[in-house]
Amino acid sequence: MIKFIANIICMFLPNKKMRSNIRQYFRPGLDKKIDEIYANINYINKFLKITHPITEIPKATPESDIWLIQNGILKLLDLWSMICKEFNWTWWVSGGNLIGVVRHSGFIPWDDDFDLEMSRKDYEEMIKILPSFFENTKFSMFIRKSSFVKIIYKNYGALIDVCAREQYCKKLSDNKDKKELKESMIKMVQITRNNCCLEKDILTNDTNEAYSKFLEIYSKNRDYHNRIVMKNKPVSDDGDWFVGSEIASLAHNSWTNKPDTVVNICSHDIIFPIREMKFEHMMLPVPNNPTAFNEVQYGNVFSWPNTIDCHTSKKLTNKHRTALRELISLDIKEVFEEMNQRYKLK
């Protein structure tokens, strides 16, 4: 309310300095209110940890912002699954959503995005096909500066994070091998962050020039990967798997303290063969050993986290809520068939 009043007053002030002074005048009250809210949230978090097992936390309240996002994501997952089946791409649930699979048989109650992984080979096909597949629709491939890809609806709506996973040139037999891989990944990311990043985030329904620039930078990134990380050696059939440079680059600042969780090395048999487990009303592909996969990155996933946080629901506007309700109402099978037919005619 305080911020709202300050903004209303500022609407009628022509001078920029006056507007700034008004906002500064109201700021102490606003800061106090924010501190009170965070104090209440922390109290609730501590209370829940004492009185509730984490597996018994109820799901998001219907029509709440997180409920809208989660149900929008489920619609996106329907579409994504159909596309992957059409092009024979293999993928699996990862990140916090894999915690959700083993702990809640669905979303972590406060989660508001979706993480999945696919092999580098399928990922490379995906980034070349999806822009054309989504052309003239309300769906887009959103690309971060580091070349990290998201699938979104109406420039926001709901989102899926798509991460590539790399296979190494050998099975990592000891800590010395793992240390060597981590050090080479850190070296690569430090180099590519300086000269292999986009100038800004792009949507694939932006100009062709922006997308062409992305493909050019992506190609340079792969050259660095092959030289620095793989030492120009081919992947091995039983080689261990580790996180792709796109997501590693985003986490670069935390590498000094915890490179293990960022590189996220898994043996081949932890991921393959892919199997299915329940996620909300769907059966989704997951790593062969989801518990071991989670432990590599998160440790014990049945204990309470230190903080409970959301990514996107804090920023939701009425425009976003309208887009989410629209997405939830779509007949996704019909949407996919129209996209696929249009794509095949190109």
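Scroll up a little and you will see the structure.
To start, this report covers the structure provided alongside it. No experiment lies behind these values; they were computed from the predicted model shown.

1. A word on the overall build of the protein chain
Phase 1 of the analysis: Within the protein chain, the regular secondary structure consists of 13 helices and 9 strands.
Phase 2 of the analysis: Taken over 346 residues, the protein chain has a buried fraction of 47%.
Phase 3 of the analysis: In the protein chain, 73% of the contacts between residues at least 6 apart in sequence involve partners at least 24 apart.
Phase 4 of the analysis: For the protein chain, the exposed area adds up to about 18700 Å²; of that, 53% sits on carbon and sulfur atoms.

2. Digging into a negative patch on the surface
Phase 1 of the analysis: Residues Asp331, Glu334, Glu337 and Glu338 make up a contiguous surface patch of negative charge.
Phase 2 of the analysis: Within the secondary structure layout, aspartate 331 lies in the loop between α12 (318–328) and α13 (332–344).
Phase 3 of the analysis: Since its relative accessible area comes to 45%, aspartate 331 is described here as partly exposed.

3. Description of the pattern of salt bridges
Phase 1 of the analysis: This model, assessed by the stated rule, comprises 16 salt bridges.
Phase 2 of the analysis: Residue glutamate 326 pairs with lysine 154 through a salt bridge whose shortest N-O separation is 3.2 Å. Of the two residues, glutamate 326 is situated in helix α12 and lysine 154 in the loop between β4 (149–153) and β5 (156–167); the sequence distance between them amounts to 172 residues.
Phase 3 of the analysis: Lysine 213 serves as the salt-bridge partner of glutamate 216, at 3.9 Å between the closest nitrogen and oxygen. Of this pair, glutamate 216 and lysine 213 both sit in helix α7 (residues 208–229), 3 residues apart, which is roughly one turn of that helix.
Phase 4 of the analysis: Salt bridges linked by common partners bring Arg120, Glu124, Glu166 and Arg222 together as one network.

4. Some points on the environment of alanine 158
Phase 1 of the analysis: Following the sequence through the fold, alanine 158 ends up in strand β5.
Phase 2 of the analysis: A C-alpha to C-alpha distance of 7.7 Å links alanine 158 and glutamine 70, two positions 88 residues apart in sequence.
Phase 3 of the analysis: Aside from chain neighbours lying at most four places away, what touches alanine 158 is Ile69, Gly72, Ile73, Leu76, Ile151, Ile152, Tyr153, Leu324 and Leu327.

5. Considering helix α4 (residues 95–104)
Phase 1 of the analysis: Across the 10 residues that make up α4, a large majority, 9, are buried.
Phase 2 of the analysis: Next to the buried residues of α4 lie β1 (91–93), β2 (114–119), β8 (275–279), β9 (282–286) and α11 (290–298).
Phase 3 of the analysis: Downstream of α4 by a residue or two, serine 105 has a phi angle that is positive, lying close to 55 degrees.

6. Here's the deal with the packing of aromatic side chains
Aromatic ring pairs: the centre-centre distance and the angle between the two ring planes describe each pair.
Phase 1 of the analysis: Enumeration over the complete set of coordinates arrives at 19 aromatic pairs.
Phase 2 of the analysis: An aromatic cluster of at least three residues, connected via ring pairs, comprises Trp80, Phe87, Trp89, Trp91, Phe133, Phe134, Phe139, Tyr153, Phe336 and Tyr343.

7. Looking at helix α5 (residues 120–133)
Phase 1 of the analysis: Between its first and last C-alpha, α5 extends 20 Å over 14 residues, near the 20 Å set by a 1.5 Å rise per residue.
Phase 2 of the analysis: Taken together, the buried positions of α5 are occupied by Arg120, Asp122, Tyr123, Met126, Ile127, Ile129, Leu130, Pro131 and Phe133.

8. Focus: the nonpolar core
Phase 1 of the analysis: Counting 76 residues, the largest nonpolar core has Trp80, Trp91, Phe114, Met126, Ile151 and Val162 as its most contacted members.
Phase 2 of the analysis: Considering each element in turn, this core owes the most residues, 11 residues, to helix α3 (residues 65–87).
Phase 3 of the analysis: Methionine 126 has contacts with Trp80, Trp89, Met118, Pro131, Met141, Val149 and Val162, leaving out every residue within four places of it along the chain.
Phase 4 of the analysis: Ile54, Ile66, Trp110 and Trp304 belong to the second largest nonpolar core, which has 9 residues in total.

9. Concerning the side chain of glutamate 166
Phase 1 of the analysis: As for its placement among the helices and strands, glutamate 166 is situated in strand β5.
Phase 2 of the analysis: Only 2.6 Å separates the side chain of glutamate 166 from the side chain of arginine 120, close enough to count as a polar contact.
Phase 3 of the analysis: A polar contact of 2.9 Å, which involves the side chain of glutamate 166, links it to the side chain of arginine 222.
Phase 4 of the analysis: For glutamate 166, the residues in contact, after removing those within four places along its chain, are Arg120, Arg222, His225, Asp240, Trp241, Phe242, Val243, Gly244 and Ser245.

The rules behind the values
- Residues numbered from 1 in each chain as written.
- Predicted model: local features only at pLDDT ≥ 70, side-chain atom pairs only at ≥ 80, totals over all residues.
- Heavy atoms only, no water.
- Helix = DSSP H or I, 4+ residues; strand = E, 2+ residues; numbered from the N terminus.
- Buried < 20%, exposed > 50% of the residue type's maximum accessible area, 1.4 Å probe, protein only.
- Contact = heavy atoms within 4.5 Å.
- Areas by Shrake-Rupley, 256 points an atom, 1.4 Å probe, with all protein chains shown as cover.
- Patch = residues over 30% accessible without salt bridge, like charges linked within 9 Å, V, L, I, M, F, W, Y side chains within 5 Å.
- Salt bridge = Lys/Arg side-chain N within 4 Å of Asp/Glu carboxyl O.
- Lys, Arg positive; Asp, Glu negative; His and termini not counted.
- Charge placed at Lys NZ, Arg CZ, Asp CG, Glu CD.
- Phe/Tyr/Trp six-rings, centres within 6.5 Å; stacked < 30°, edge-to-face > 60°.
- Expected span 1.5 Å × (residues − 1).
- Core = buried A, V, L, I, M, F, W, Y, C linked by side-chain atoms within 4.5 Å.
- Polar contact = N/O pair within 3.5 Å; in protein donor to acceptor, adjacent residues only side chain to side chain.

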